[in-house]
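Single-letter residue listing:
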Amino acid sequence: EPEVTQTPSHQVTQMGQEVILRCVPISNHLYFYWYRQILGQKVEFLVSFYNNEISEKSEIFDDQFSVERPDGSNFTLKIRSTKLEDSAMYFCASSEFANAYNEQFFGPGTRLTVL
Amino acid sequence: AQTVTQSQPEMSVQEAETVTLSCTYDTSENNYYLFWYKQPPSRQMILVIRQEAYKQQNATENRFSVNFQKAAKSFSLKISDSQLGDTAMYFCAFMKRQGAQKLVFGQGTRLTINP
C-alpha cells in the first residue's frame with residue numbers, strides 16, 4: 001500500500017542553521033500539508049500546498065518557513081534560521097483531493113532537535 | 001476558531017475489553033467532519049474513522065464506533081473487543097467541510113491494551 005515517507009527520521013541542528021525536511025507524498029496525490037507537534041503539545045497545522053502554491057498557512061508559518069515541490073516527487077519544508085522553539089516532530093501529509101471527505105495520509109514524521 | 005479537547009491523557013484496559021475515548025470540540029460551523037486518527041508506536045498516523053456532522057447516524061468501522069452528539073459537541077470513540085494491536089496514541093480531529101482543509105487536533109490519548 002502506498003505510503004508517505006519522510007527523511008530524515010531525526011535531525012539535530014544548531015540554532016541559527018537552516019534545515020530542510022523532506023517528504024515524498026503518495027504519487028497520485030495533489031495536495032500536501034505540513035503539521036508539527038512540539039513535545040507534549042497538540043499536533044498543529046503549518047501549511048497546505050497545491051499546484052505549486054501555498055493554499056493556506058497558519059500563524060506559526062512565518063517568513064522563516066518555506067515549502068517547495070522541487071521535482072515531481074519531493075515536498076520540502078525549509079526553516080531558514082532555526083530557533084530552539086522549532087524543536088518538534090514535523091509531519092508531512094498528502095491527499096488526493098482537498099475536501100474533508102478525502103483522507104489525509106501522514107508520514108512517520110521527522111524529529112527536529114535544535115540545540 | 002475551532003478547538004478540540006481530549007481530557008484523557010492515558011488509558012489502559014485489558015485485552016478483549018471495551019474502551020471509550022472522549023473528545024469534545026468547539027466550533028461555530030454547522031458543516032464539518034470529525035475524525036479519529038491512530039498513531040501506533042513509531043508508526044505514522046492512520047485514519048480510524050470519520051463522521052460527517054450532518055449525518056445523524058454514528059459511524060462504524062468493524063470494532064470501532066463513535067458516539068456523535070452534535071448538540072453537546074461530543075465525539076467519543078468506542079473500541080470493542082480490544083486487541084494488543086490497538087495500543088497507540090489516538091487523536092481526535094476536526095475539519096471544516098468547506099474552505100480550509102487543515103485538521104485541528106486534540107491533545108491525544110495514549111491507549112495501552114494489556115494482555
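One can find the structure itself at the top, above this paragraph.
A brief look at the structure comes next. Fair warning: this is a prediction, and the values are worked out from it, not measured in the lab. (Residues numbered from 1 in each chain as written. Chains lettered and ligands numbered in written order. Predicted model: local features only at pLDDT ≥ 70, side-chain atom pairs only at ≥ 80, totals over all residues. Heavy atoms only, no water.)

A look at the overall build of chain A
Now for step 1: Secondary structure assignment for chain A yields zero helices and eleven strands.
Now for step 2: For chain A, the succession of helices and strands along the chain, N to C, is β-β-β-β-β-β-β-β-β-β-β.
Now for step 3: A principal-axis box enclosing the C-alpha atoms of chain A has dimensions of 40 × 30 × 30 Å.
Now for step 4: Partitioning the contacts of chain A with sequence separation of at least 6, the portion at a separation of at least 24 is 55%.
Now for step 5: Carbon together with sulfur atoms contributes 47% to the accessible area of chain A, which is approximately 5800 Å² in total.
Now for step 6: Separation of charge centres in chain A, based on 9 positive and 15 negative side chains, amounts to 6 Å. (Helix = DSSP H or I, 4+ residues; strand = E, 2+ residues; numbered from the N terminus. Contact = heavy atoms within 4.5 Å. Areas by Shrake-Rupley, 256 points an atom, 1.4 Å probe, with all protein chains shown as cover. Lys, Arg positive; Asp, Glu negative; His and termini not counted. Charge placed at Lys NZ, Arg CZ, Asp CG, Glu CD.)

Quick look at the interface of chain B and chain A
Now for step 1: If you look at the interface, chain B gives 22 residues, while chain A gives 20 residues.
Now for step 2: Summing both partners gives a buried area of about 1900 Å² for chain B against chain A, and 56% of it is carried by carbon and sulfur.
Now for step 3: In this assembly, chain B and chain A are joined by one salt bridge.
Now for step 4: Where chain B packs against chain A, one counts five residue pairs in polar contact (both at pLDDT 80 or more).
Now for step 5: For the side of chain B that touches chain A, the secondary-structure elements that each account for two or more residues are β5 (32–39), β6 (46–52) and β10 (88–96) of chain B.
Now for step 6: At four residues, β5 of chain B tops the list of elements feeding residues into the side of chain B that touches chain A. (Buried area = accessible area lost by both parts, 1.4 Å probe. Salt bridge = Lys/Arg side-chain N within 4 Å of Asp/Glu carboxyl O. Polar contact = N/O pair within 3.5 Å; in protein donor to acceptor, adjacent residues only side chain to side chain.)

Some remarks on the nonpolar core
All names here are of chain B.
Now for step 1: In terms of nonpolar packing, the biggest core is built from 26 residues, with Y25, W36, F75, L77 and Y90 touching the most fellow members.
Now for step 2: Those elements that place two or more of their residues in this core are β3 (19–21), β5, β6, β8 (64–69), β9 (74–79), β10 and β12 (109–114).
Now for step 3: At four residues, β10 tops the list of elements feeding residues into this core.
Now for step 4: Not counting residues up to four positions away in its chain, the partners in contact with L77 are V19, T20, L21, W36, I49, F64, S65, V66 and Y90. (Core = buried A, V, L, I, M, F, W, Y, C linked by side-chain atoms within 4.5 Å. Buried < 20%, exposed > 50% of the residue type's maximum accessible area, 1.4 Å probe, protein only.)

A few points about the state of the cysteines
Residue and element names in this part refer to chain A.
Now for step 1: The final tally for this structure, using the stated rule, is two disulfides over all chains.
Now for step 2: A sulfur-sulfur separation of 1.9 Å characterises the disulfide bridge that pairs C23 with C92. Of note, the bridge from C23 to C92 carries an S-S torsion of about -65 degrees and is left-handed in sense. Placement of the pair is C23 in strand β3 (residues 19–24) and C92 in strand β9 (residues 88–95), with a sequence separation of 69 residues. Residues C23 and C92 agree in their burial class; the two are buried. (Disulfide = S-S within 2.5 Å.)

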